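This is what each chain is made of:
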Amino acid sequence: MVPSDRIDPVILGHILGHHRELHSRLLTLKAAYAEPVAAGPHRIDAVAKLLAELREHLREHFEQEETGGFLEESIARMPRLSGAASDVIADHPRLLAELDSLLESVGHRDTSDAAWSEASRGFSVFADHLLAHERNENAVVQAGYNEDLGFGD
Ligand SMILES: [Fe+2]
Ligand SMILES: [Fe+2]
C-alpha cells in the first residue's frame, strides 16, 4: 500500500461507498420500472420521484468527485492514468443529461405499454452506462492508490 499524506483514506472510502449506494438506488428504480404501468399514472409518478432523487444524489456525488481531489491524486501518483481520469470526469455531464432525458420521458405521463417499454429500455441503457462509469472510476482510483479497497466487481 502506498501511504497518502494528502488524501484522507476515510474520505476516499466514503466516495467509493457512494458507488454501492448508487447501485442500490438503481436496483430500486429497476424494480419500479418493472411494475405494470397499466395500474395508473401513480406508477409513473413513483418512478419520476426516484429519478429526481437519483439525479440530485448523482449531481452531489459527481461534484464531490470533481472537487475532492482524489482523481487528481491518482494522476499525480501514476501519470499514465490521466487519460482515464479525464474520461471518467467527462462522463459526468453526459450521465446527468441522460438522466434528464429519462425524467423528460416520464414527465409525459404516457401510460401506454409501448411508451413504458421504451422508457424502461432507456433506463436500462442509462444504468449500464452509470455502472460502467463507476467501474472505470474505481479502477482509476484503485490503480492510483495501488491498494485494493474492496470495491471491485
Ligand atoms: Fe463519477
Ligand atoms: Fe462515482
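Residues numbered from 1 in each chain as written. Chains lettered and ligands numbered in written order. Predicted model: local features only at pLDDT ≥ 70, side-chain atom pairs only at ≥ 80, totals over all residues.

Draft legend 1. Looking closely at the overall build of the chain. Summing up its helical and strand segments, the chain has five helices and zero strands in all. Start at the N end of the chain and walk to the C end: the helices and strands fall as α-α-α-α-α. Per-residue burial over the chain gives 18% buried out of 153 residues. Pairs at least 24 residues apart make up 76% of the contacts formed inside the chain by residues separated by at least 6 positions. (Helix = DSSP H or I, 4+ residues; strand = E, 2+ residues; numbered from the N terminus. Buried ≥ 20, exposed ≤ 12 C-beta atoms within 10 Å, placed from the backbone. Contact = placed C-beta atoms within 7 Å.)

Draft legend 2. Region of the structure containing the packing of helix H2 (residues 41-68) against helix H4 (residues 82-107). Where H2 meets H4, the closest approach of the two axes is 10 Å, and the angle between their N-to-C directions is 165°. Classified by the interaxial angle, the pair formed by H2 and H4 is roughly antiparallel. Between H2 and H4 lies a crossing whose hand is left-handed. Residue-level inspection shows Ile44, Val47, Ala48, Leu51, Ala52, Leu54, Arg55, Leu58, Arg59, Phe62 and Glu66 of H2 in contact with H4, the latter providing Ile89, His92, Leu95, Leu96, Leu99, Leu102, Leu103, Val106 and Gly107. Residue composition of the contact of H2 with H4, by class: 15 nonpolar, two polar and three charged. (Axes fitted to C-alpha atoms, helices over the stretch in contact; angles between N-to-C directions. Parallel < 35°, antiparallel > 145°, perpendicular 65-115°, else oblique. Left-handed = near helix turned anticlockwise from the far one by under 90°. Nonpolar A, V, L, I, M, F, W, Y, C, P; charged D, E, K, R; others polar.)

Draft legend 3. Looking closely at H2. Its 28 residues place the ends of H2 40 Å apart at the C-alpha level, agreeing with the 40 Å of an ideal helix rising 1.5 Å per residue. Within H2 the residues assigned to the buried category are Ile44, Val47, Leu51 and Leu54. In the stretch just after H2, Gly69 is the one whose phi turns positive, near 85°. (Expected span 1.5 Å × (residues − 1).)

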